[in-house]
Amino acid sequence: MPSAHDAPKQRLIRVQTRIAQALADAGRAATTVCLLAVSKTFDAASVRELAAFGQRKFGENYVQEALDKQHALRDLPLEWHFIGPVQSNKTRAIAENFSWVHSIDRLKIAERLSAQRPAGLPPLQVCIELNVSGEASKGGVIAAELPALAVAISGLPGLQLRGLMAIPAPATEVTAQRAAFRQVRVAFDALVARGHALDTLSMGMSADLEAAILEGATIVRVGTALFGERIKHAQG
Ligand SMILES: *Cc1c(COP(=O)(O)O)cnc(C)c1O
């Protein structure tokens, strides 16, 4: 008989299996991708359930929602990643309560996060979000602005630049998915060639994580495939 706990566990195993298969297909070592569970709109109990099966890294998009969950789960050794758009009036709460920020796309925001990072904590681990869709409405910097932003962020004491993040426009064909992720990889390689010590490509979600892993992703950010469909849109 399936218990009430089977669904999350089965979902986690299914995602872990997809990641392992994609790594094998890419000829990459088994431990070179980490799974970030995107828990936005899901409650603390859902996170706790997944944590019980060994998941440690969780991604959130809305500050107040995330702080409430962090408080409810403070007994667990979880690592919190902020992956949503960063508003300047939320930088202090992010700098004080997260280990990572994936979605940096302006120097002003990076400077605030650096200045507000508490001295007792390690530097905030950050990625620059790259706009690969070319749509002005989407977040992220365009490739032409990337080198200068990377240099500026590297000089901020409260931050450690780890790499790039991207959310390409959804595509159904794997070849189209891979082409978008390849652009991120090319931009990443160019920064490394300029002397930046980077190790993180945050790309790939529930629908396209295989394509991202084939193009070198080191963090995949997965929500729906772990928690189910999101039914509400929290704010904050
Ligand atoms: C919501 C979200 C995800 C997870 O997307 P799924 O399709 O549910 O896996 C990943 N990254 C970011 C930035 C998100 O906002």
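Everything numeric in this text was worked out from a predicted model, so none of it was measured. Throughout, residues of each chain are indexed from 1 in the direction in which the sequence is written. Per-residue local features of the predicted model are confined to residues with pLDDT of at least 70, and side-chain atom pairs are confined, for both listing and counting, to 80 or more; whole-chain, interface and lining totals are unaffected and use all residues. Values reported for side chains reflect all heavy atoms of the structure, with hydrogen atoms and water molecules removed beforehand.

A. Broad picture of the state of the cysteines. A pair of sulfur atoms, both from cysteines and within 2.5 Å, is called a disulfide here. Within the structure shown, the criterion is met by zero disulfides. This cysteine, Cys34, is not joined by any disulfide, and Cys127 carries the nearest cysteine sulfur, 10 Å off. Buried residues are those whose accessible area, probed at 1.4 Å on protein chains only, stays under 20% of the maximum for their type, while exposed residues exceed 50% and partly exposed ones sit between those limits. On the basis of relative accessibility, which here comes to 25%, the residue Cys34 falls in the partly exposed class.

B. Looking closely at unusual backbone geometry. With a phi angle near 75°, Thr41 is a residue other than glycine that sits in the positive phi range. Helix numbering and strand numbering both begin at the N terminus, where a helix is a DSSP run of H or I of at least 4 residues and a strand a DSSP run of E of at least 2. Position of Thr41 relative to the elements: it lies in the loop between β1 (34–38) and α2 (44–51).

C. Seen up close, helix α3 (residues 63–72). Three or more residues of α3 are buried, namely Val63, Glu65, Ala66, Lys69 and Gln70. The buried side chains of α3 occupy one side of the element, clustering within an arc of 160° when seen end-on. The elements touched by buried residues of α3 are α2, β2 (57–60), β3 (79–82) and α4 (91–97). What the arc describes is the spread of directions from the helix axis to the C-beta atoms. Throughout, a contact is declared for two residues whenever any of their heavy atoms are within 4.5 Å.

D. Structural detail: the site of the ligand. The cutoff for a nearby residue is simple: one of its non-hydrogen atoms must lie within 4 Å of the molecule or strand. Inspection of the region around the ligand gives Val38, Lys40, Asn61, Ile83, Ile167, Met205, Ser206, Arg221, Val222, Gly223, Thr224 and Arg230 as its neighbouring residues. Shrake-Rupley sampling with a 1.4 Å probe provides the accessible areas, and residues are treated as covered by the protein chains on show and by no other component. Coverage of the ligand by the protein chains reaches 88% of its 390 Å² of free accessible surface. Residues belonging to the shell around the ligand are distributed by class as follows: five nonpolar, four polar and three charged. When residue character is reported, Ala, Val, Leu, Ile, Met, Phe, Trp, Tyr, Cys and Pro are called nonpolar, Asp, Glu, Lys and Arg charged, and the others, Gly included, polar.

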